[in-house]
There are 2 protein chains.
Amino acid sequence: MKREALVGEDEAVHELAFPQLDRRIEALAGETVFQSARRHGVRIVGACGGRGTCGSCMVRVVEGDVRIDAGQDRAGGQASGGGIDPREPLGAGVPPAVREAGARKWIRACCAHALSDCTVEVAPRSLAPVVRAGLEAELGEDVQPIDPMVLVRELQLAAPTLMDNACDAERIGRALGEPALRLDLAAARELPAALRAGRWSVRARLREGELIGVACAAGPTLGLAIDLGTTNAAGFLVELETGRTLAALGIENPQVAWGADLVSRLDAASRSAALAAQLREAALRAIQALAHDLCRAVGARSTDIMDAAVCANTAMHHLLLGLPVAQLGRAPFVAVLREALDVKARELGLAISPGAYVHVAANIGGFVGGDHVSALLATEQRWNTGVPTLVMDIGTNTEISLVHEGVIRSTSCPSGPALEGGHVSCGMRAAEGAIERVRVREGRLALEVIGGKEPVGVCGSGVLDALAAMREAGMIDDRGRLAGGHAQVCEQAGRRAVRLAPGVLFTQDDVRAVQLAKAAIRAGTELLLAQAGLRENDIERFVIAGAFGAYLDVGSAIAIGLLPALARERFQQVGNAAGVGVRRLLASRSARAQANALARGCRHLELSTLEGFQKLFMKHIGFAPMPRGEVSTP
Amino acid sequence: MKREALVGEDEAVHELAFPQLDRRIEALAGETVFQSARRHGVRIVGACGGRGTCGSCMVRVVEGDVRIDAGQDRAGGQASGGGIDPREPLGAGVPPAVREAGARKWIRACCAHALSDCTVEVAPRSLAPVVRAGLEAELGEDVQPIDPMVLVRELQLAAPTLMDNACDAERIGRALGEPALRLDLAAARELPAALRAGRWSVRARLREGELIGVACAAGPTLGLAIDLGTTNAAGFLVELETGRTLAALGIENPQVAWGADLVSRLDAASRSAALAAQLREAALRAIQALAHDLCRAVGARSTDIMDAAVCANTAMHHLLLGLPVAQLGRAPFVAVLREALDVKARELGLAISPGAYVHVAANIGGFVGGDHVSALLATEQRWNTGVPTLVMDIGTNTEISLVHEGVIRSTSCPSGPALEGGHVSCGMRAAEGAIERVRVREGRLALEVIGGKEPVGVCGSGVLDALAAMREAGMIDDRGRLAGGHAQVCEQAGRRAVRLAPGVLFTQDDVRAVQLAKAAIRAGTELLLAQAGLRENDIERFVIAGAFGAYLDVGSAIAIGLLPALARERFQQVGNAAGVGVRRLLASRSARAQANALARGCRHLELSTLEGFQKLFMKHIGFAPMPRGEVSTP
């Protein structure tokens, strides 16, 4: 467990050790334990994003001193001091014995500040889980076809003698029938020890005629696929020989600390080289943390990873690669490069196998990046059918592709984190206590809460539902204003809000954030259709990709105007297609070729250059009049 | 001028600044200023290797404190305290005004220890000179043919607009007619600024379809060729478009601090990873220092170097690349790799153009490395004529190739640094005060001294001459023992020595060192001939390469038995052929292909595996009886 020191962290004051996770990180002055953990990709659940409302980030400081924030609950009336949260579900992984023994208390990481170097234990239920076995069943569990870039050859070599003292590389080259074998320098440095430790019986790892590693032990050849989103980063550990996904894990993108949306981060990185370096390192840390935790879950080490593939939108792509972004962040929004890039992992600063490469997926254009290419790759059977099809990946940035008559038109709209439960005052991740469904029953809002607990916030699918229900119950007018006088509409500091539950308020600002998101997405959709001479009703298939899209209620999305009012059977919710696509890129050379062709073939539309975007946006900012005069009055 | 801090130097105590050279280095505890300078490739002349005998390393400490060694002269009776050396030639670059003003004194760097951070001025005559213009005239001044790896294309691009916001890479790709242009990551990072600073008029540097750099200013495309020898490192700055050598510079290989010969350094690097890292860094520092000083001499910066080629023997090659050497240093002497390697300069840790590659020449086998391949490449017209030809590069390790009937047989013998004036008690580099010729006149030794000065030591060519003359004058018997009773033979601490001049002694140990060297070389030569069924007299051409070989007196070399007694016209002394060859590798793709074919085609012979080496070695360890009964008696 090596301490992770990174450039730009000279303000680091204390070290936090997480022995469970085999991680040691640095805490900056003023940071909470939760913030330090997030910045380093330590997978503590923090459903409410560190606002102190959800109680999902419980830790125990087993060594060292911390200060506990008073008034930790900034979101509502649920203040509870440091120490044991009385509302915490017992038996959910926190050993009661510890409490009874009067040992150090379980506290919220988001309310604790390290006052010295600390050793921190995370409550098992507060650890984001590494998922083993089958994932994304609806898109096929394993990657097919399997034609990985990295091939393994078992070799039995003759030991050198004075009569045959050919060099190590030549000995391997001869056995492979490639006398002039190319060697990766890092692999060459490890070669003599590996050959001699393995008594000249070795597994050679080859990539495009280059020897990138030699191992003496048997074992699977591991690959790492990363879907680096603006808000979340998902990692998948794949067995390259079989395409099997061995483990998966999602964590927050630590770059969130530098801004919730793309534009804030591009602004930050444009301001100074130091900030750009911090953003790059934050992305690297996320990938490194995913590699570390995924490998640990299957009993491997990060250095066993022989190949990696990363997909990301153009902004995340540039920030990860350390490419300048000033020219990308302002009109005419010019990227540095668009083609797929194969770069040695060590050159990026990623500590996987020393000889491994990282395949960074090609971008389409503008902010439409390799993550959308991956989503298109994974959903090809759904859109390549000859009928007009829309593929939409709703996220902090929403990408939309329209497939029509052999042409793919793609665009992206800045939808913000509101739909994912971020930047909404009561927003939280889909975790215990999150309101995930809201319906109107007898004029009042009825809630479904994950885990059947007391509600503490609203997750993404709940946000849409809540808005639709509030609209249906007559709490929101056509222009999005909260109507006064309704029993559940209250006032806080002169601003109206809907009280969904005690301490869970849906404010006027939250309504506005969702309005902006849905107007942008809907306007983008319409403009894309107009470019192809189509109208909304011409969409025969509407593929909704992404984690948020997997759980949204299509009816609610239509009701608030996020999605067009098409027949329900035209919609297909496919989950994290980008995650499936990037695993295909990892495991298949032909998938890489196909993705490159897709990226080059898509026609990118820059919304801001198209006439009428502003007009369409304004058209969709409000809500359609309620059908059949159902608007209720208080 | 950035301070050069390197791994493994945590014992660094003070900083030495050399403003003339734009260098700042670290001094370790116990080191003299000369030693610190040498370890960092600061080009202070130190003809006697820091023994305090030659007075060629004069410096002035203009800021900071130093301690001056007492009894600095360990070689003989010429002790002179710190401060102005009374024997120092006046007016040779040391401004007399400074002395008269009573300013800080000129002192020997080899006798000064920094007691604080210091600013050091080097006397102009004590700076190893950067040679400009024509070099190696006998082998052709400029490199031919010119087909460099790196090509420059002048491009005028259209600025991006909202209607055409293709990425920067694509814009360049279009102009080059390569839509899917590959980009070096470092070049990509510099691309946006370069394009915009140059107002879309740029010079693109391409290597094998990869964009490795973009410059907005005009100027030559520079290449760096390095001949990294065991004792000396030579650097050449070449204009890649024309093949012109713009500047050349030779410095000591800073690895000398870890051992004078190959075996000591391999031993050190095998002992610990830290020592191996120090040796690698020392080699890198030498190359970086050469790049820095050469560029400075022509008004360029190291980062203007767009391509580099390095040749070295196998041990230097492995140490530079950070390859393990334990298995190379002991039987059966197995290298890690042999083929040429193209590696990004930044991956080696070399700060030239961020996108530049370093071509590291292929090795032949054993210790016969890319330096000998380069020498063969440069001398092809001399050996590729159909007659039995021997190519010999005499150095700390001596490489020999026999060309006969289309077959090249190559071997190397450990000849030690004695022949280059190293590890000989009175040895020094070819500099003012060095005895370069010794003849017998009237039974006494007559000396020729470089610069016509008082002799202070013996340089390489002088060593051979001295031995031959001592033998001729009857001071050495057939077995190499110094004969007692001769007027010039004295005793020091019970050991005999020949007093060449006051304070310049040629000791019995020195005679032994040369005997070992010449016996190894001669035995190697005979064995190589035997493998081809030839005898010494069958050698029609004898090509002597290398800096030492350029100046040796063939007659003396034959007299002491280093070279076989062939007719003088069969010998050709061609100078630093490796330096010429590595410049061809730098400037020519076809030369690289030719060198690779040569390296693969040569048959390497490991002397220690051949029967009879020991016997032949013993046969040549002594001296042939003097012809015509000329042995004189005292």
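Keep in mind that what you see is a predicted model, and the values were worked out from it rather than measured.

Quick look at the overall build of chain A now. Scanning chain A from N- to C-terminus turns up 18 helices and 30 strands. For chain A, buried positions account for 56% of its 634 residues.

Residue and element names in this part refer to chain A. Buried residues dominate helix α7 (residues 314-321), accounting for eight of its eight residues. Within α7, burial applies to T314, A315, M316, H317, H318, L319, L320 and L321. Two residues or fewer after α7 comes G322, characterised by a positive phi angle close to 70°.

Once that is clear, we can look at the sheet that holds strand β20 (residues 397-404) of chain B. Residues and elements named next belong to chain B. Across the sheet, six strands lie side by side as β29-β28-β19-β20-β21-β30; this open sheet has mixed pairing. Because the sheet does not close on itself, it has two edges, and the strands there are β29 (571-575) and β30 (603-604). Examined bridge by bridge, strand β21 (residues 407-414) and β30 share two bridges and lie parallel to one another. Of the residues in β30, the one forming a bridge with R409 is R603. Most of the contacts of helix α10 (residues 370-378) go to strand β19 (residues 389-393), to which it runs at about 135°, and overall it touches β19, β20, β21 and β28 (541-545).

A few words on the environment of E472 of chain B. Residue placement: E472 of chain B occurs in helix α12 (residues 460-472). Through-space distance from the C-alpha of E472 of chain B to that of R496 of chain B is 18 Å; in sequence the pair is 24 residues apart.

In this section: the confidence of the model for chain A. Residue and element names in this part refer to chain A. Here chain A shows a mean pLDDT of 87. Residues at 70 or above account for 89%. Scored below 50 in pLDDT, residues 134-140 makes 15 contacts in the model with residues more than four places away or belonging to other chains. Scored below 50 in pLDDT, residues 629-634 makes eight contacts in the model with residues more than four places away or belonging to other chains. Taken over the whole predicted complex, pTM reads 0.88, whereas the ipTM for its chain interfaces reads 0.87.

Our focus in this paragraph is the relation of the copies chain A and chain B. When chain A is fitted onto chain B, the two copies agree to an RMSD of 0.0 Å after a turn of 180° and an axial shift of 0.0 Å. Interpreted geometrically, this transformation is the action of a two-fold axis. No C-alpha of chain A approaches the rotation axis more nearly than that of E347 of chain A, which lies at 3.9 Å. Residue by residue, 100% of the interface of chain A is reproduced at the interface of chain B, so both copies engage with the same surface.

Another aspect to go through is the interface of chain A and chain B. Taken residue by residue, the interface counts 35 residues in chain A and 35 residues in chain B. Residue assignment for the side of chain A that touches chain B shows that the elements contributing at least two residues are α3 (168-176) and α4 (185-197) of chain A. A per-element tally of the side of chain A that touches chain B places α4 of chain A first, with six residues. For the side of chain A that touches chain B, the class distribution of residues is 23 nonpolar, five polar and seven charged.

In this section: unusual backbone geometry. Between A331 of chain A and P332 of chain A the backbone carries a cis peptide bond, its omega angle lying at 5°. Checked against the element boundaries, P332 of chain A lands in the loop between α8 (326-329) and β17 (341-344). One non-glycine residue with positive phi stands out, namely F333 of chain B, at about 55°. We classify F333 of chain B as buried; it has 20 C-beta atoms within 10 Å. The phi dihedral of E405 of chain B is positive, around 50°, even though this residue is not glycine. Inspection of the secondary structure puts E405 of chain B in the loop between β20 and β21. E405 of chain B gets classed as exposed once you count the C-beta atoms within 10 Å, which come to 9.

Within the largest apolar cluster, 411 residues are counted, with the highest numbers of intra-cluster contacts made by A361 and V458 of chain A together with V310, A361 and V458 of chain B. Here A361 of chain B is in contact with A309, V310, C311, A340, G370, V373, S374, V582, L585 and A595 of chain B, once residues within four sequence places are set aside.

The next thing to look at is helix α5 (residues 262-271) of chain A. All names here are of chain A. Listing the buried residues of α5 in full gives L262, R265, L266 and A269. Buried residues of α5 fall within an arc of 100° about the axis and therefore sit on the same side. The inward-facing, buried residues of α5 abut α6 (273-297), α7, α8, β20 (397-404) and β21 (407-414).

Residues and elements named next belong to chain B. The strand order across the open sheet built from seven strands is β8-β15-β14-β13-β16-β18-β17, with neighbouring strands paired in mixed fashion. Both outer strands of the open sheet, β8 (131-132) and β17 (341-344), are each paired with one neighbouring strand and no more. Two elements, β8 and strand β15 (residues 244-252), share two bridges in a ladder whose sense is antiparallel. In the strand pairing of β15, R132 is matched with A247.

On to the packing of helix α6 (residues 273-297) of chain B against helix α7 (residues 314-321) of chain B. Residues and elements named next belong to chain B. Between α6 and α7, the shortest axis-to-axis distance is 7 Å and the interhelical angle comes to 100°. As the angle between them shows, α6 and α7 are arranged roughly perpendicular. Residues L279, R280 and A283 of α6 form the contact with α7, whose participating residues are M316, L319 and L320.

Residues and elements named next belong to chain A. With respect to the helices and strands, R522 occurs in helix α13 (residues 508-531). Looking at R522, the number of C-beta atoms within 10 Å reads 22, which means it is buried. Sequence separation between R522 and A375 is 147 residues; the distance between their C-alpha atoms is 20 Å. Apart from residues no more than four positions distant in its own chain, R522 is found in contact with G561, L562 and H620.

Here the focus is the environment of I305 of chain B. All names here are of chain B. The residue I305 is located in strand β16 (residues 305-312) in this model. Of the residues examined, I305 has 25 C-beta atoms within 10 Å and is grouped as buried. In this structure the C-alpha to C-alpha distance between I305 and C295, which are ten residues apart in sequence, comes to 8.4 Å. Once you skip the residues sitting within four places of it in the chain, I305 turns out to touch L222, G223, L224, A291, C295, I352, S353 and A356.

Definitions and limits used
- Residues numbered from 1 in each chain as written.
- Chains lettered and ligands numbered in written order.
- Predicted model: local features only at pLDDT ≥ 70, side-chain atom pairs only at ≥ 80, totals over all residues.
- Helix = DSSP H or I, 4+ residues; strand = E, 2+ residues; numbered from the N terminus.
- Buried ≥ 20, exposed ≤ 12 C-beta atoms within 10 Å, placed from the backbone.
- Pairing = 2+ DSSP bridges.
- Contact = placed C-beta atoms within 7 Å.
- Axes fitted to C-alpha atoms, helices over the stretch in contact; angles between N-to-C directions.
- pLDDT = per-residue confidence, 0-100.
- Least-squares fit on C-alpha atoms with pLDDT ≥ 70 in both.
- Nonpolar A, V, L, I, M, F, W, Y, C, P; charged D, E, K, R; others polar.
- Core = buried A, V, L, I, M, F, W, Y, C linked by C-beta atoms within 7 Å.
- Arc of directions from axis to C-beta.
- Parallel < 35°, antiparallel > 145°, perpendicular 65-115°, else oblique.

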